[in-house]
Amino acid sequence: MSDIAKRAEIIASLLSEKKAENIECIDMQDKPYITKYVIIATAMVGRHTYALLDMLRTELKARGEQFYGVDEESEDWVIVDLGDMMIHIFTENHRKKFNLEEFLKKDLMHA
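Residues numbered from 1 in each chain as written. Predicted model: local features only at pLDDT ≥ 70, side-chain atom pairs only at ≥ 80, totals over all residues. Heavy atoms only, no water.

Looking only at helices and strands, one finds 4 helices and 5 strands in the protein chain. Start at the N end of the protein chain and walk to the C end: the helices and strands fall as α-β-β-α-β-β-β-α-α. Rg of the C-alpha trace for the protein chain: 13 Å, near the compact-globule value of 13 Å for 111 residues, within the 12% margin. By its C-alpha atoms, the protein chain is 35 × 35 × 20 Å across when sized along the principal axes. Taken over 111 residues, the protein chain has a buried fraction of 41%. Partitioning the contacts of the protein chain with sequence separation of at least 6, the portion at a separation of at least 24 is 56%. Summed over its atoms, the accessible surface of the protein chain is roughly 6,400 Å², and 47% of this surface lies on carbon and sulfur atoms. For the protein chain, the distance from the average site of its 15 positive side-chain charges to the average site of its 21 negative ones is 2 Å. (Helix = DSSP H or I, 4+ residues; strand = E, 2+ residues; numbered from the N terminus. Rg over C-alpha atoms; globule rule 2.2 N^0.38 Å. Buried < 20%, exposed > 50% of the residue type's maximum accessible area, 1.4 Å probe, protein only. Contact = heavy atoms within 4.5 Å. Areas by Shrake-Rupley, 256 points an atom, 1.4 Å probe, with all protein chains shown as cover. Lys, Arg positive; Asp, Glu negative; His and termini not counted. Charge placed at Lys NZ, Arg CZ, Asp CG, Glu CD.)

What follows is the structure, given as C-alpha cells:
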C-alpha cells in the first residue's frame, strides 16, 4: 500500500471513529484531477461537519499533515485541502445533490 493510501486509510478511520458515515476513498492518481486522493464522508447534521473538521485539524496536524486550505462557509459541505488529498464532508442531502463520487468515478474515467 502506498504512503498516500495509508494516509487516506488513517483519515477514513478517524472519520469513522467520530461517526461519519459512507466514507469513501477514491484514488485519483491515474486520472486528470487536481489531487491524488479524494475522501468523501457524510456527517449526521450540519454541526457534525464542523465537529469532524475540528477533529481532523487536531489529529492530522499532530501527525504532520499540512492544511493548504479549508472551505467551511457552509455546514452542509466542508472541504479540506491537504495538497495531494482533498477531504469532502457533506450532510446527506448535499452529498446526494452534488453526487461528487459519480463525477469522480465516471466522468473523469473518460477524460
